[in-house]
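Listed here are the chains, written in short residue letters.
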Amino acid sequence: MKDVNIICGTDEIISKPLQAYDDRVINFLSDLSRALMNIRAWPDVVSLGFWCRRANLEKMRSTCHEYNFRIGRGLCFHIAPSNIPVNFAFSYMFGLISGCANIIRVPSKNFEQVNIILDIVNEKLKSYPEIYSRTQFIKYPSDNNNITAEYSLKSDARLIWGGDATIKNIRALESKPRCIDICFADRYSIALINSEAVMNANEADLKRLAENFYNDTFLIDQNACSSPNIIFWLNDNENKPARLKFWQAVHEYSDSKYKIQASIGVNKFSKACEDAINFDIQSTRYNNKNLIWLAELKNLDENLDTFRGSSGYFYEYVLNNYDELFKIINSKYQTLTYYGIDADELQSLIIKNNLTGIDRITPIGRALDIGIIWDGFDIVRTLSRIVNKE
Amino acid sequence: MEIEDMLKISPYSLDKESKQKILSERLNYLEKFHYEHCKEFRAVKDNLTPSPDFIPVRLFKEFDLKSVPDNEIIKLMTSSGTTGQSVSRIFLDRSTALNQQKVMSKIVADFTGASRMPMIILDCPAVLKKRELLTARGAGILGFSIFGTKKIYAFDDDMNLKLDDLKEFINEFGEHKILLFGFTFMIWQYFYKTLKNLNTRLNLNNAVLIHGGGWKKLASESVSADEFKKSLNEICGLVNIHDYYGMIEQTGSIFMQCEHGNLHASIFSDIKTRRPNDFSECNFNERGIIQVISALPVSYPGHSLLTEDEGEILGEDDCPCGRLGKYFKVHGRLKGAELRGCSDTYERR
């Protein structure tokens, strides 16, 4: 196609589906895994490799009891996200595991990781003709709707990353009647911490918690849908020693790791001023530094999901009970990261209370860990069809 | 001390201690005044811990910040943001506007000599069409126009150089010192480049050029300050060239560049640089975020602002040009934030 640059994989894609968790796919991915895990300079590439290691794939397969009767939907068109560099590869792997052939539009931004990963994929594909013929990584200007339209017309599934605007645009393009879209819309995420658990944490626990929290937030400037914007405190008493203990630990861990760019410092300051004016929110620069800004919410606004933290700007709220939290949850809410919470109880409470949001409850530190269940979808089951015998 | 009294003092004649005394008294007054009269300013002061000594310049783009009743506002100034950007909105009452004029004239006179002189405005008349709504360009021109006895615009409204008119003007007033004023990029783009293309030279040996507006656009064309000066010198003999650093939010108390290339704070202003990691004050010769302080703004809370520029203070009271006060250098806009993660989401916010 004109203006389309095939940067890796076949020119002529074969859209005949494979079985879900096909052995060839598993062999290919575990082959990739070893090579990816050697790229020590890029922790995100390593973690991609770690994710697609054989043991993990086997484990996933074992939880999909009916995989023998699952087969890919056909051709899957991936509009990969331009935010997190390695997620285009996760998207590709999800497609392969489902048994689909895959056309992946890689992010327009020139991430080093993308090139590294594609070099490895390219090399490994040579030994897997069945996978090669079902793999095509492409680049084209993302504003070229004609191209997107053409791919849409021949796709059996579309995996649309990139937020509300992208989704709206692509949904408007015609696709096959049975085409399935999995859309990753703009979402909102929060953290929930049990103050008592923080008070009971020993030094090592606390340090690990701080590091985990850092990885969920500062590591990507809170700039992922699953990164928390608000920290909810449960069982907090008025003297807030747990909060101080927690933030001091986060501060100590982040101070050495995170370099504050001047413009980010100004952004956080400006944000605090805007919140002060618009919502009468009180905020504190923790330890008089410009690293952690804590903006204390006095009440839970209905539009809470528009309160976005960034680069170390956190909203905080002390919860009296779960009901208070459940009242404001809507379909925007995606991930709830937690510490010291009974996750099983919370999971059933979400169902029992008929909530429209929160698809994911995960310990602090795993906010960014992507998997085949994401954003409330079982991606492999959605991208494959079941051959049912009655 | 009122501005009226400060105007009686030569603008670069006070050393650190004497300036401090006057300026801090004035700033304390302004601080209290704005706290009492501007609710947005008060909200920032009250809600942030530690309470900041400045507000971000960006707030003027997002809020209409005023410290006087609406019926006292006589003029609205806006920054000339490029399309798609939001603009700063600065509300002036009569006395603030007047003080801006007086202080500007006092400061500039220190560089041009006290008297008024023939003036070439290196811009087009259209910029000034609506006086009650002024852009930064218009405000600059208007501010400097008070120095002009006889005035001429160098360009028509389509930014064509009116070469014949200019030549005639220079012929007529050549024996006087002529003042040229304009914006750095405009001067380069429409004055210098046109003359160069026409292979024409003008005789402005005796003139003084004051220009401002920043170097962002010229830096993108890789034109340095030195090259700017050198090129203008070649094409029209200009030797007396002064850049200034100022912003629409602090019109009047501008920072002029001396013969030694340093920008100077007058007794009407102060300058600080702040460390990004905790907003503490930088040492001399340490780069930081520029904070600008002005004694003038009464109708809006613009007396102490954190800019989005980077700079460094070079010294105080000891510039070889002899002017007292702090002198400094501007290194341009802060580098845009490079956010990790979801840029997609961020930009749409």
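Residues numbered from 1 in each chain as written. Chains lettered and ligands numbered in written order. Predicted model: local features only at pLDDT ≥ 70, side-chain atom pairs only at ≥ 80, totals over all residues.

### Considering the interface of chain A and chain B
Consideration 1: Each partner contributes to the interface: chain A provides 39 residues, whereas chain B provides 36 residues.
Consideration 2: Contributions of two or more residues to the side of chain A that touches chain B are made by helix 8 (163-171), helix 12 (262-279) and strand 10 (282-285) of chain A.
Consideration 3: Looking at which element gives the most residues to the side of chain A that touches chain B, the answer is helix 12 of chain A, with 13 residues.
Consideration 4: Its residues assigned to classes, the side of chain A that touches chain B shows 16 nonpolar, 16 polar and seven charged.
Consideration 5: Taken together, the two bridges between strand 10 of chain A and strand 1 (residues 48-49) of chain B define a ladder with parallel strand orientation. Bridging from a neighbouring strand, Ser283(A) pairs with Leu48(B) of strand 1 of chain B. (Contact = placed C-beta atoms within 7 Å. Helix = DSSP H or I, 4+ residues; strand = E, 2+ residues; numbered from the N terminus. Nonpolar A, V, L, I, M, F, W, Y, C, P; charged D, E, K, R; others polar. Pairing = 2+ DSSP bridges.)

### Concerning the confidence of the model for chain B
Residue and element names in this part refer to chain B.
Consideration 1: On average, chain B scores 91 in pLDDT, and the residues at 70 or more come to 94%.
Consideration 2: This model gives residues 342-349 a pLDDT under 50, and the stretch forms 19 contacts once residues within four places in sequence are excluded.
Consideration 3: Among the scores for the predicted complex, ipTM is 0.92 and pTM is 0.91. (pLDDT = per-residue confidence, 0-100.)

### What to know about the domain arrangement of chain A
Consideration 1: On domain assignment, one finds that chain A holds domain 1 (5-185 + 378-386) and domain 2 (188-363).
Consideration 2: Measuring from the centre of the C-alpha atoms in domain 1 of chain A to the corresponding centre in domain 2 of chain A gives 32 Å. (Domains from an automatic or database assignment.)

### So, helix 11 (residues 241-257) of chain A
Consideration 1: For helix 11 of chain A, built from 17 residues, the straight-helix expectation of 24 Å at 1.5 Å per residue is met to within 8% by its first-to-last C-alpha distance of 25 Å.
Consideration 2: Packed against the buried residues of helix 11 of chain A are strand 8 (188-194), helix 9 (195-200), helix 10 (203-216), strand 9 (228-234) and strand 11 (293-296) of chain A. (Expected span 1.5 Å × (residues − 1).)

### Remarks on the sheet that holds strand 4 (residues 101-105) of chain A
Residues and elements named next belong to chain A.
Consideration 1: The six strands are arranged 1-5-4-3-6-7 in an open sheet whose pairing can be described as mixed. With partners counted over all chains shown, the strands left at the sheet margins are strand 1 (5-9) and strand 7 (180-183), one partner each. If you compare each strand with its neighbour and ignore which way they point, the axes differ by 20° on average.
Consideration 2: Across four bridges, strand 1 lies against strand 5 (residues 135-139) in antiparallel orientation. (Axes fitted to C-alpha atoms, helices over the stretch in contact; angles between N-to-C directions.)

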